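Here's the letter readout for the chains.
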Number of protein chains: 2
Amino acid sequence: MPALVTAQPIVAKYGGSSLATPEHILAVAERIGREREAAPLVVVVSAMGATTDDLIALASRITPRPDPRELDVLMSTGELVSAALLVMALHDRGVDAISLSGPQAGILTDGSHGRARITGIEPARVRAELDAGRVVVVAGFQGSTGSEFATLGRGGSDTSAVALAITLGASRCDIYTDVDGVYTADPRLVPEARRLAEIGYEEMLELAHQGAKVLQTRSVELAWVYGLEVSVRNSIGADRGTSIREVAMEQRQKVRGIATDDGMAKLTLLDLADRPGMAAEVFAPLAEAGIPVDGIIQNVGHDGMADLSFIVAEADLDTAERLLRARLPELRARDLAVSSGLAKVSIVGAGIHNAPTYPARMFSALGDAGINIEMITTSDIRITCVIESRQLATAAAVLHRAFELEKA
Amino acid sequence: MPALVTAQPIVAKYGGSSLATPEHILAVAERIGREREAAPLVVVVSAMGATTDDLIALASRITPRPDPRELDVLMSTGELVSAALLVMALHDRGVDAISLSGPQAGILTDGSHGRARITGIEPARVRAELDAGRVVVVAGFQGSTGSEFATLGRGGSDTSAVALAITLGASRCDIYTDVDGVYTADPRLVPEARRLAEIGYEEMLELAHQGAKVLQTRSVELAWVYGLEVSVRNSIGADRGTSIREVAMEQRQKVRGIATDDGMAKLTLLDLADRPGMAAEVFAPLAEAGIPVDGIIQNVGHDGMADLSFIVAEADLDTAERLLRARLPELRARDLAVSSGLAKVSIVGAGIHNAPTYPARMFSALGDAGINIEMITTSDIRITCVIESRQLATAAAVLHRAFELEKA
């Protein structure tokens, strides 16, 4: 079909849950058989179902500290397997197709094994295969630095797909997964949560950061920079889903969703001497230990003494506490207070900072439900309250109602 | 250890049974840790245990006719997994090592997927890693044509190892497998069979062809051409094994082993008109159908009419019979006779054709045991009798005794 050559391609990415068994792969091949009528198609695949976890378990039976380069070699096989099987299924349906490894697809990465970043894409091979009328199936999550394989880290297939879509000038990038799309809240916490037909990049990033876990953050950031429309769809269901794109002006200043993130802990350094460089001294050892820190607030009180609070994942609490307690004298802090069993609940929407009534509405709704707010942080598009974990579902539900998210 | 650089490397190949589980891999790593003291080491690995069969089963759940290129992509992952795991195990023991895919190791192949042949090796990368003091672990069974992966076909890892050993000027090539070496007969048929400490290339080829199945034929042919010594060893047992090398002069004119091959069938075209090109007309359709033919004999009788007999595997009998029966008129043969339930038993030894008493001794031994000979074929180093399958064990045992193979 040479007419296809000039058409803009579509990039579609299928996650591991969509490719979990040979039967899943056959179903995906059937869908691709239909979709490829519309436009030239590049398909990015993850490893089948639990393959990645199985390979990690295999390595752990060899050594507790697998070499990062060799772990990359091992992990990269998962996506090659699903790519080859999907192409076999496509051939069986009479669809011309070819599988390409990340390096064959020209995905260039930096040298950091296990968490490489894409530095560029040489699209000549992919373009040539598309020009030959083939569906191009690319093993996601991998690329190369020189003759060396590298993997992009967990969820990297989303980033492979978005980067390919940008380089190829694709009209859009469809991410097929086992959810219907992005919801106004986690449906397990808020039953009346509603699927959003579309959402802005920035809003999506806040929702994903806060626990929506639909799409890897890096891929959304990349799509945002290049203005690429990304659609999240369910590989089994109908053609519903959520489009992530530039938000229209009239949709601004609305709360779009409730983000929830459980399993948090708070650390507070009491009576710190407030002086230049103090914050850096506090956070440098945590950064070295690879502990992400969130929601930093500092209140300067009397006599230039400050209380500094921040949030970490409960799993990191012990390490963080140990590191800071050892430094209390040099930090010149009176003490360290910690509390766990916390959660974050946020309202997210582009332009929230221009809607002065929103904070009050949020705090009232929580207060009316008897929920105590431990901590408040905000960004341009988000207001986050730290509360007790046991009240998270209630908090999400009352905020969902307070901002009328059940209404389309 | 820069002193190692100038030393001749050793190439060692570990088969799937030697790498079946993480525990097997750890044991191999321990052996390598000891062996690398002696010389720079290149290790060629097969896929773990039943991995190759598992991958084929996975493909068969997608389609009965997998595309050969995609099957190559799929199959090649098995060796990458074992290479990466072995290197992790070596690192854990403090042995510097690196895994290389077939393409990374510079193994160049022709373009035929699933049964590619090695056309050459670019050893620069392997040499550089050896020079850096590393054990180089190469994924066997695979190479590349341009940017395309290709696999060498079943048992191709033996050929990868021998080709690397030749290119690197290795002092020898050790093939580790789950047998102790090459025996004077199949020990399951002849309990008194004895391991041979050494055997000639040609003898090994005849034994392997006839069913010894210890080492892939192609790898022996390649070693023969370049005069490379190949040792077959058990990866678990002691340092016993069989060395395959040029036979010393004084060892010629001896029977070295009994080869057995079960599951054979015989076809005989009766009263063929004996004319030029007749044999080609008979065998061309079988060759097109991919049916290997063995032990062809033709007796020209009265009036220029001939009977033409040959042997095929029982599994190919139905197809071969159908093809030939359809051509009986144009072949101008009176009829086709078939018989199944046959086996081949052979005595093998370099220089047998110069030992005129051997055929008589062989036929007498079989006759004394009441075994009827259906057919006889010979080569320079082999005399083969086709007999009934049910008498194969007896035949192997009486020949083993007749030629005193139980004696060292």
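Per chain, residue numbering runs from 1 following the sequence as it is written. Chains carry letters from A onward and ligands carry numbers from 1 onward, assigned in written order. Residues qualify for local features only when their pLDDT is at least 70, as the model is predicted, and side-chain atom pairs are given and counted only at 80 or more; totals for whole chains, interfaces and linings, by contrast, use all residues.

A. View of the overall build of chain A. Each helix and strand counted, chain A has 12 helices and 18 strands in total. C-alpha atoms define the radius of gyration, and 2.2 Å times the number of residues to the power 0.38 defines the globule rule. Here chain A has a C-alpha radius of gyration of 24 Å; the compact-globule value for 408 residues is 22 Å, and the two agree. Taken along its principal axes, the extent of the C-alpha atoms in chain A is 75 × 50 × 35 Å. The burial criterion counts other C-beta atoms lying within 10 Å of a residue's C-beta, which is placed from the backbone; the residue is buried at 20 or more, exposed at 12 or fewer, and partly exposed between these limits. Taken over 408 residues, chain A has a buried fraction of 47%. Numbering of helices and strands runs from the N terminus, with a helix taken as a DSSP run of H or I at least four residues long and a strand as a DSSP run of E at least two residues long.

B. Quick look at helix H3 (residues 68–92) of chain A. Residue and element names in this part refer to chain A. Counted at 1.5 Å a residue, the expected span for H3 with its 25 residues is 36 Å, and the 37 Å between its end C-alpha atoms agrees. In terms of burial, H3 is a largely internal element, 23 of the 25 residues being buried. Count one or two residues on from H3 and you reach Gly94, which has phi positive near 80°. Expected helix span is taken as 1.5 Å per residue step, with the number of steps being one fewer than the number of residues.

C. Quick look at the interface of chain B and chain A. Once C-beta atoms have been placed from the backbone, residue pairs whose C-beta atoms lie within 7 Å are recorded as contacts. The interface is formed by 27 residues belonging to chain B together with 27 residues belonging to chain A. Listing elements by their share of the side of chain B that touches chain A, those giving two or more residues are helix H1 (22–35), helix H2 (51–62) and helix H3 (68–92) of chain B. Sorting elements by how many residues they give to the side of chain B that touches chain A places H3 of chain B first, with 14 residues. For the side of chain B that touches chain A, the class distribution of residues is 17 nonpolar, 6 polar and 4 charged. Gly is placed with the polar residues, together with every amino acid not listed as nonpolar (Ala, Val, Leu, Ile, Met, Phe, Trp, Tyr, Cys and Pro) or charged (Asp, Glu, Lys and Arg).

D. A look at the sheet that holds strand S10 (residues 198–199) of chain A. Residue and element names in this part refer to chain A. At least two DSSP bridges between two strands are required for those strands to pair. Judged by pairing direction, the sheet is mixed, and its 8 strands sit side by side in the order S3-S6-S2-S1-S9-S11-S12-S10 without closing on themselves. Looking at which strands have only one partner, the edges of the open sheet turn out to be strand S3 (97–100) and S10. Together, strand S1 (10–14), strand S2 (41–45) and strand S6 (135–139) form the strand contacts of helix H1 (residues 22–35), whose direction differs from that of S2 by roughly 160°. An axis is simply a line fitted to the C-alpha atoms; with a helix, the fit covers only the stretch in contact. Between two such axes, the angle follows the N-to-C directions and lies from 0 to 180 degrees.

E. Fine view of the packing of helix H11 (residues 357–368) of chain A against helix H12 (residues 392–402) of chain A. Residues and elements named next belong to chain A. Their axes nearest at 9 Å, the elements H11 and H12 cross at an angle of 135°. The orientation of H11 with respect to H12, classified from their angle, is oblique. As H11 runs across H12, the sense of the crossing is right-handed. Note on element contacts: H12 touches H11 through Ala395, Val398, Leu399 and Ala402, opposite Arg361, Met362, Ala365 and Leu366. Each residue belonging to the contact of H11 with H12 can be placed in one class, and the counts come to 7 nonpolar, no polar and 1 charged. Just so you know how the angles are binned, under 35 degrees is roughly parallel, over 145 roughly antiparallel, 65 to 115 roughly perpendicular, and the rest oblique. Crossing chirality is assigned from the near helix's rotation relative to the far helix, an anticlockwise turn below a right angle marking it left-handed and a clockwise turn marking it right-handed.

F. Inspection of the relation of the copies chain B and chain A at higher detail. Each copy superposes on the other: chain B lies on chain A with an RMSD of 0.1 Å after a rotation of 179° and an axial shift of 0.0 Å. Here the two chains are linked by the operation of a two-fold rotation axis. Residue Thr77 of chain B, judged by its C-alpha, is the member of chain B lying nearest the rotation axis, at 2.7 Å. Least squares is the method for superposing the copies, and the C-alpha atoms it fits come from residues with pLDDT of at least 70 in both.

G. Structural context of the nonpolar core. Throughout this description, the term nonpolar core refers to a group of buried Ala, Val, Leu, Ile, Met, Phe, Trp, Tyr and Cys residues whose C-beta atoms join them within 7 Å. Among the nonpolar cores identified, the biggest contains 237 residues, and Val11, Leu86 and Val137 of chain A together with Val11 and Leu86 of chain B are the most heavily contacted of them. For Val11 of chain B, the residues in contact, after removing those within four places along its chain, are Val42, Val44, Ala161, Leu164, Ala165, Leu168, Ala170 and Cys173 of chain B. Core analysis: the next-biggest nonpolar cluster, separate from the first, contains 5 residues, Leu269, Leu272, Val282 and Ala333 of chain B among them.

H. Spatial organisation of the domain arrangement of chain A. Throughout the structure description, domain borders are defined by an automatic or database domain assignment. Domain assignment breaks chain A into domain 1 (8–178) and domain 2 (257–402). Using C-alpha coordinates to define each centre, domain 1 of chain A is positioned 38 Å away from domain 2 of chain A.

I. Quick peek at the pairing of strand S18 (residues 382–388) of chain B. Residues and elements named next belong to chain B. Judged by how many residues are buried, S18 sits mostly within the fold: 6 of 7 residues are covered. The pairing of strand S16 (residues 335–348) with S18 spans 7 bridges and is antiparallel. Bridge pairing in S18 places Ser346 opposite Thr384. Two strands pair when backbone bridges link them, and strand S17 (residues 375–379) and S18 are joined in this way by 5 bridges, in the antiparallel orientation. In the sheet register, Ser379 faces S18, and the bridge partner there is Arg382. Between the antiparallel neighbours S17 and S18 lie 2 residues.

J. Spatial organisation of helix H11 (residues 357–368) of chain B. Residues and elements named next belong to chain B. For H11, built from 12 residues, the straight-helix expectation of 16 Å at 1.5 Å per residue is met to within 8% by its first-to-last C-alpha distance of 16 Å. The set of residues buried in H11 consists of Tyr358, Met362 and Leu366. For H11, the buried positions fall inside an angular range of 60° around the axis, keeping them on one side. Those residues of H11 that are exposed and aimed more than 90 degrees away from the buried face are Thr357, Ala360, Ser364, Gly367 and Asp368. A positive phi of about 75° marks Gly370, the residue just after H11. The arc in question is the one traced by the directions running from the helix axis out to the C-beta atoms.

K. Structural context of the packing of H1 of chain A against H2 of chain B. Viewed as axis vectors pointing N to C, H1 of chain A and H2 of chain B meet at an angle of 45°, and their least axial separation amounts to 9 Å. Viewed along their axes, H1 of chain A and H2 of chain B adopt a mutual orientation that is oblique. For the pair H1 of chain A and H2 of chain B, the crossing hand works out as right-handed. Two secondary-structure elements touch here, H1 of chain A through Pro22, Ile25 and Leu26 of chain A and H2 of chain B through Leu58, Arg61 and Ile62 of chain B. Split by residue class, the contact of H1 of chain A with H2 of chain B holds 5 nonpolar, no polar and 1 charged.

L. Up close: the sheet that holds strand S6 (residues 135–139) of chain B. All names here are of chain B. Spatially, 8 strands are ordered S3-S6-S2-S1-S9-S11-S12-S10 in an open sheet, and the strand pairing comes out mixed. On the outer flanks of this sheet lie strand S3 (97–100) and strand S10 (198–199), each paired with one strand and no other. For strand S1 (residues 10–14) and strand S9 (residues 172–177), the ladder comprises 5 bridges, and the chain directions are parallel. Residue pairing in the sheet places Lys13 in a bridge with Ile175 of S9. Contacting S1, strand S2 (41–45) and S6, H1 runs over the sheet at an angle of about 160° to S2.

M. Seen up close, the pairing of strand S9 (residues 172–177) of chain A. All names here are of chain A. Burial analysis of S9 places 5 of its 6 residues in the buried class, the great majority of the element. In the sheet, S9 pairs with strand S11 (residues 230–234) via 5 bridges, with the strands oriented parallel. Paired with Ile175 across the bridge in S11 is Val232.

N. A look at unusual backbone geometry. All names here are of chain B. Unusually for a residue other than glycine, Arg332 sits at a positive phi of about 55°. The topology assignment puts Arg332 in the loop between helix H10 (328–331) and S16. Phi is positive for Glu404, close to 55°, though the residue is something other than glycine. Inspection of the secondary structure assignment puts Glu404 in the segment after helix H12 (392–402). The class for Glu404 is exposed, based on 9 C-beta atoms found within 10 Å.

O. Representation of the environment of Pro40 of chain B within the structure. The topology assignment puts Pro40 of chain B in the loop between H1 and S2. Considered as a pair, Pro40 of chain B and Val87 of chain B are 47 residues apart in the sequence and their alpha carbons are 15 Å apart.

P. Quick peek at the confidence of the model for chain A. Residues and elements named next belong to chain A. Per residue, pLDDT measures the predictor's confidence, with a range of 0 to 100. Chain-level pLDDT for chain A is 88 on average; 94% of the residues reach the 70-or-more range. Mean pLDDT values for the elements of chain A range from 73 in helix H6 (residues 201–212) up to 98 in S6. Here residues 1–5 is a poorly scored stretch, pLDDT under 50, and it has 4 contacts once near neighbours within four places are set aside; other chains count. At the level of chain-chain contacts, confidence expressed as ipTM amounts to 0.78, with global pTM at 0.81.

Q. Seen up close, the environment of Glu70 of chain B. Among the secondary structure elements, Glu70 of chain B is positioned in helix H3. The class of Glu70 of chain B is buried, set by 26 C-beta atoms lying within 10 Å. Leaving out residues up to four positions away in the same chain, Glu70 of chain B has contacts with Ala84, Val87, Met88 and Ser99 of chain A.

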